[in-house]
Amino acid sequence: MPNSLCDETGSLAAFAIWFRQVTPYINAFRGKTFVLAFGGKAIAGPLAKTLAYDVNLLASLGIRLILVHGARPQIEEALREKGLESRFHRGYRITDAAALDCALDAIGSVYLEIEGMLSQGLPNTPMAGSRIRVVGGNFITARPLGVLDGVDLYYSGVVRKVDSEGLQAQLSLGNIVMLSCQGSSPTGEIFNLQMEEVAEAVAIALDADKLVYLTDCQGVLDANGVLLDELTADAAQDLLDAAWLTNDLKRSLPSAVRASQQGVARVHIIGYDQDGALLQELFSREGIGTVISREPLEHLRDARADDIGALIALIEPLEADGTIVHRPREVLEREIERFSLIEHDSMIAGCAALYDYGDGWAELACLVVHPAHRQWGYGERLVRRVEAKARAAGVRRIFVLTTRAVHWFIERGFSLEGIESLPDRKRQMYNLQRNSKALVKQL
């Protein structure tokens, strides 16, 4: 077979595997509400067109989308063209009448540019055949910030109210709603708003499933520049005053924390300068940026009957290669109460089972962790949970049979023993063909 054909076959096989891996996310996200927030730098950058492609893909999967855009660099350029100075106080632009004119021109220009990108439909693009309807409107009611520390902010404002019913009506029609960083007051005045705060208010009002900020940073970093891929809202709040935060993070992180604390299930912070970052964050287990949630994403619990399908999908690959013994569906249904699971972001990432043999003996069995999570210590956490359940049941010794993980269990307190040390009932069931090693741990 020619090398090029081998390469192509391998690529197609990898594509098929990848497509199967994202299927749970496609099913989970259909009908869910996502708020995507991005600034004017993302639109002015080289990846604006591919961002439009990715938005189109999300819409085609049945995700209800609200886009919130900013226009800071475009406003800055408009002010420079008119010889006006940019002035800020407490992070807010001092928007007098002249600055407001510049802001409205810039915001309107960016809105039309995004609308144009989402209207593409050329046959040789990812948006071929798409029928996206983008709608806007007066969904945001604003109020003035007023005078802060003696400084009049004029036409700079904050969100007063979100027309959630109107937004829901548009989303139910399959429309993408696009909002800008401006809002009107009941008196008819227009105010310049912060994009991050508009997205925060909309996500909270709609009880959105996800709020995504595209920023000038890959995600939230620690003091050493290492990406923090997961944070609770409380942990993120502790970083709000960190000196190493970029300008975008100084604005988006406080909004992310407030949104999470007020019920938005997941808030994601990713970079706009990496092609496909949005898709990689949403449709892969490991993600590419930072996700913020009110509670930790990891959750240990007992298995339930409705977990059978996900459990089968988790253990099938290891059954196929002989690492663990095959368990038919009817066996899993009968023994589901023996299993403990660890979830990551509502996806089952690992499992382990406990079988009580009486006389103070129990077996740790079917310990499986998804490959994407094996570096996070999930296997050890599952072992500890099973051991705790065994102790509570009066078990004094726990054993495990394995063909490939002898050293892993030894490092966690198990001792290699002969088969004759196992309970009689287990010895009678022992599969000589597998030639599994027996390891025992005193509890």
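Preceding this paragraph is the structure being described.
Quick caveat: nothing in here was measured; it's all calculated off a predicted structure. (Residues numbered from 1 in each chain as written. Predicted model: local features only at pLDDT ≥ 70, side-chain atom pairs only at ≥ 80, totals over all residues. Heavy atoms only, no water.)

1. Considering the overall build of the protein
Next, step 1: Within the protein one finds 15 helices and 23 strands.
Next, step 2: Contacts in the protein between residues at least 24 apart in sequence constitute 71% of all its contacts with a sequence separation of at least 6.
Next, step 3: Only carbon and sulfur atoms are counted for the fraction: they give 50% of the accessible area of the protein, which is about 21400 Å².
Next, step 4: For the protein, the separation between the mean place of its 46 positive charges and that of its 57 negative charges on side chains is 6 Å. (Helix = DSSP H or I, 4+ residues; strand = E, 2+ residues; numbered from the N terminus. Contact = heavy atoms within 4.5 Å. Areas by Shrake-Rupley, 256 points an atom, 1.4 Å probe, with all protein chains shown as cover. Lys, Arg positive; Asp, Glu negative; His and termini not counted. Charge placed at Lys NZ, Arg CZ, Asp CG, Glu CD.)

2. Comments concerning the pattern of salt bridges
When their charged atoms lie close together, side chains carrying opposite charge are able to pair.
Next, step 1: Taken as a whole, this structure holds 24 salt bridges when the rule is applied.
Next, step 2: Two residues, D302 and R385, come together in a salt bridge whose shortest N-O distance is 2.8 Å. Of this pair, D302 sits in strand β17 (residues 298–302) while R385 sits in helix α13 (residues 378–392), and the two are 83 residues apart along the sequence.
Next, step 3: Look at the salt bridges and you will find they share partners, linking K41, R72, E196, D216, D248 and R251 into a network. (Salt bridge = Lys/Arg side-chain N within 4 Å of Asp/Glu carboxyl O.)

3. Examining the sheet that holds strand β13 (residues 210–215)
Next, step 1: Read from one edge to the other, the open sheet built from eight strands follows the order β5-β10-β2-β1-β13-β15-β16-β14, with strand pairing classed as mixed. Single-partner strands in this sheet number two, and they are β5 (134–135) and β14 (230–232).
Next, step 2: Relative to strand β2 (residues 64–69), strand β1 (residues 33–38) runs parallel, the two being bridged by six bridges. What sits directly across from A37, in β2, is V68.
Next, step 3: Lying over the sheet, helix α6 (residues 164–172) contacts β1, β2, β5 and β10 (176–179), oriented at roughly 125 degrees with respect to β2.
Next, step 4: Contacts from helix α7 (residues 195–206) reach β1, β2, β10 and β13, with the element oriented near 175 degrees to β1. (Pairing = 2+ DSSP bridges. Axes fitted to C-alpha atoms, helices over the stretch in contact; angles between N-to-C directions.)

4. Some words on the sheet that holds strand β21 (residues 397–402)
Next, step 1: Taken in spatial order, the seven strands make up an open sheet running β17-β18-β19-β20-β21-β23-β22, and their pairing is mixed. One side of each edge strand has no neighbouring strand; the edge strands of this open sheet are β17 and β22 (415–417). With strand direction ignored, the average angle separating the axes of adjacent strands in the sheet is 30 degrees.
Next, step 2: Here strand β19 (residues 347–358) runs beside strand β20 (residues 361–369); their pairing, made up of seven bridges, is antiparallel. Residue pairing in the sheet places G350 in a bridge with V369 of β20.
Next, step 3: Packing of helix α11 (residues 308–320) onto the sheet brings it into contact with β18 (339–344), β19 and β20, and relative to β19 it is tilted by some 80 degrees.

5. Focus: helix α4 (residues 72–81)
Next, step 1: All buried positions along α4 are accounted for by Q74, I75, E76, A78 and L79.
Next, step 2: Looking at the buried residues of α4, the elements they touch are α2 (40–44), β3 (88–89), β4 (92–93), α5 (97–117) and β12 (190–192).
Next, step 3: Just beyond α4, the residue with positive phi is G83, at close to 70 degrees. (Buried < 20%, exposed > 50% of the residue type's maximum accessible area, 1.4 Å probe, protein only.)

6. Some remarks on the pairing of β19
Next, step 1: Taken across its 12 residues, β19 has 10 buried, putting it largely inside the fold.
Next, step 2: In this sheet, β19 lies alongside β18 in antiparallel orientation, the contact comprising six bridges. Residue L341 lies in a different strand from β19, and its bridge partner there is C351.
Next, step 3: Linkage of β18 to β19, two consecutive antiparallel strands, is achieved through a turn of two residues, within which D345 is found at a positive phi near 55 degrees.
Next, step 4: Joining the antiparallel neighbours β19 and β20 is a turn of two residues, in which D359 adopts a positive phi near 55 degrees.

7. Describing the packing of α4 against α5
Next, step 1: Between α4 and α5, whose axes approach to 8 Å, the crossing angle comes to 130 degrees. Between α4 and α5, the interaxial angle falls into the category oblique. In the packing of α4 onto α5, the handedness of the crossing is right-handed. Side by side, α4 and α5 meet where Q74, I75, A78 and L79 of the first sit next to A99, C102, A103, A106, I107 and V110 of the second.
Next, step 2: Its residues assigned to classes, the contact of α4 with α5 shows nine nonpolar, one polar and no charged. (Parallel < 35°, antiparallel > 145°, perpendicular 65-115°, else oblique. Left-handed = near helix turned anticlockwise from the far one by under 90°. Nonpolar A, V, L, I, M, F, W, Y, C, P; charged D, E, K, R; others polar.)

8. As for the side chain of S284
Next, step 1: Here S284 is to be found in the loop between α10 (277–282) and β16 (290–293).
Next, step 2: Within the structure, the side chain of S284 is placed 2.5 Å from the backbone oxygen of Q280, a separation counted as a polar contact.
Next, step 3: A polar contact is formed between the side chain of S284 and the backbone nitrogen of G287, at a distance of 3.1 Å.
Next, step 4: Leaving out residues up to four positions away in the same chain, S284 has contacts with Y25 and L279. (Polar contact = N/O pair within 3.5 Å; in protein donor to acceptor, adjacent residues only side chain to side chain.)

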